[in-house]
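Structural characterization, general
Spelled out from the first residue to the last, the chains are:
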Amino acid sequence: LHQLSKPCGLFITEDETLYIADKRNHRIVKWPKGAKAGVVVAGGHGSGSSMHQLSDPVDVVLDAAGTLYVVEITGNRVTRWGPPSELPSDALLTASYAEPVR
């Protein structure tokens, strides 16, 4: 993964891993320090309102537990994507692990 389209929000962890809200690709990309490519950790299944999709994400925050919170401007929602420690290795790409924040 080497291209972003209208990156908006950015979150940087203590180990200098970047989490980027890739707005027009409707995904969140994780880019570890020194990596030659990023990895999709949320969305990436086209624009939409299903729980495995994002719609123009503009900001992303990672809490201390590793949970991602994603703000979507077109989707008019904030979604929570479970921490990796509680999920299978590919879970952040799976619909059943995201939920709207109320």
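The preceding data block contains the structure.
As a starting point, this report considers the structure included with it. As the structure is a prediction and not an experimental result, all values here were calculated from the model.

Within the protein, the secondary structure is distributed over 0 helices and 8 strands. Ordering the α and β elements of the protein from the N terminus gives β-β-β-β-β-β-β-β. By residue count, 37% of the 102 residues in the protein fall in the buried class. Within the protein, counting contacts between residues at least 6 apart in sequence, those at least 24 apart form 34% of the total. Accessible surface for the protein amounts to roughly 5700 Å². Of this, 52% is attributable to carbon and sulfur atoms.

Okay, the sheet that holds strand S1 (residues 7-12) next. Spatially, S1-S2-S3-S4 is the arrangement adopted by the 4 strands of the open sheet, whose pairing is antiparallel. Two strands lie at the open edges of the sheet, namely S1 and strand S4 (39-43), each paired on one side alone. Adjacent strand axes in the sheet meet at a mean angle of 25 degrees, parallel and antiparallel pairs treated alike. Where S1 meets strand S2 (residues 18-22), 4 bridges bridge the pair, whose relative direction is antiparallel. Across the sheet, residue isoleucine 12 finds its bridge partner in S2, namely leucine 18.

Along the chain, lysine 23 falls in the loop between S2 and strand S3 (27-31). With 14 residues separating them in the primary sequence, lysine 23 and glycine 9 have C-alpha atoms 8.6 Å apart. Ignoring sequence-local partners within four residues, the contact set of lysine 23 consists of Ser5, Lys6, Cys8, Asp56, Pro57, Val58 and Ile73.

All right, on to unusual backbone geometry then. You will see that lysine 6, though not glycine, has its phi angle at about 60 degrees, which is positive. Looking at the element boundaries, lysine 6 is found in the segment before S1.

This part is about the nonpolar core. With 11 residues, the main nonpolar core is built from Tyr19, Ala21, Ile28, Val41, Ala42, Leu54, Val60, Leu62, Leu68, Val70 and Trp81. Elements with a contribution of two residues or more to this core: S2, S4, strand S5 (57-62) and strand S6 (68-72). Once you skip the residues sitting within four places of it in the chain, valine 60 turns out to touch Gly9, Phe11, Tyr19, Ile20, Ala21, Ile28, Leu68, Tyr69 and Val70.

On to the side chain of threonine 79, then. Among the structural elements, threonine 79 can be located in strand S7 (residues 77-81). Note on threonine 79: relative accessible area 0%, which makes it buried. Of note is the side chain of threonine 79, whose polar atom sits 2.9 Å from the side chain of tryptophan 81.

Once that is clear, we can look at the pattern of salt bridges. Across all of its chains, the model carries 4 salt bridges by this definition. With a shortest N-O distance of 3.3 Å, lysine 33 and glutamate 16 are connected by a salt bridge. Of this pair, lysine 33 sits in the loop between S3 and S4 while glutamate 16 sits in the loop between S1 and S2, placing them 17 residues apart in sequence. The exposure class assigned to glutamate 16 is partly exposed, which follows from its relative accessible area of 43%. Between arginine 77 and glutamate 72 there is a salt bridge, with its nearest N and O atoms 2.6 Å apart. Its relative accessible area of 15% is what places arginine 77 among the buried residues.

Conventions used here
Residues numbered from 1 in each chain as written. Predicted model: local features only at pLDDT ≥ 70, side-chain atom pairs only at ≥ 80, totals over all residues. Heavy atoms only, no water. Helix = DSSP H or I, 4+ residues; strand = E, 2+ residues; numbered from the N terminus. Buried < 20%, exposed > 50% of the residue type's maximum accessible area, 1.4 Å probe, protein only. Contact = heavy atoms within 4.5 Å. Areas by Shrake-Rupley, 256 points an atom, 1.4 Å probe, with all protein chains shown as cover. Pairing = 2+ DSSP bridges. Axes fitted to C-alpha atoms, helices over the stretch in contact; angles between N-to-C directions. Core = buried A, V, L, I, M, F, W, Y, C linked by side-chain atoms within 4.5 Å. Polar contact = N/O pair within 3.5 Å; in protein donor to acceptor, adjacent residues only side chain to side chain. Salt bridge = Lys/Arg side-chain N within 4 Å of Asp/Glu carboxyl O.

Worth remembering: the numbers are spatial, not functional.
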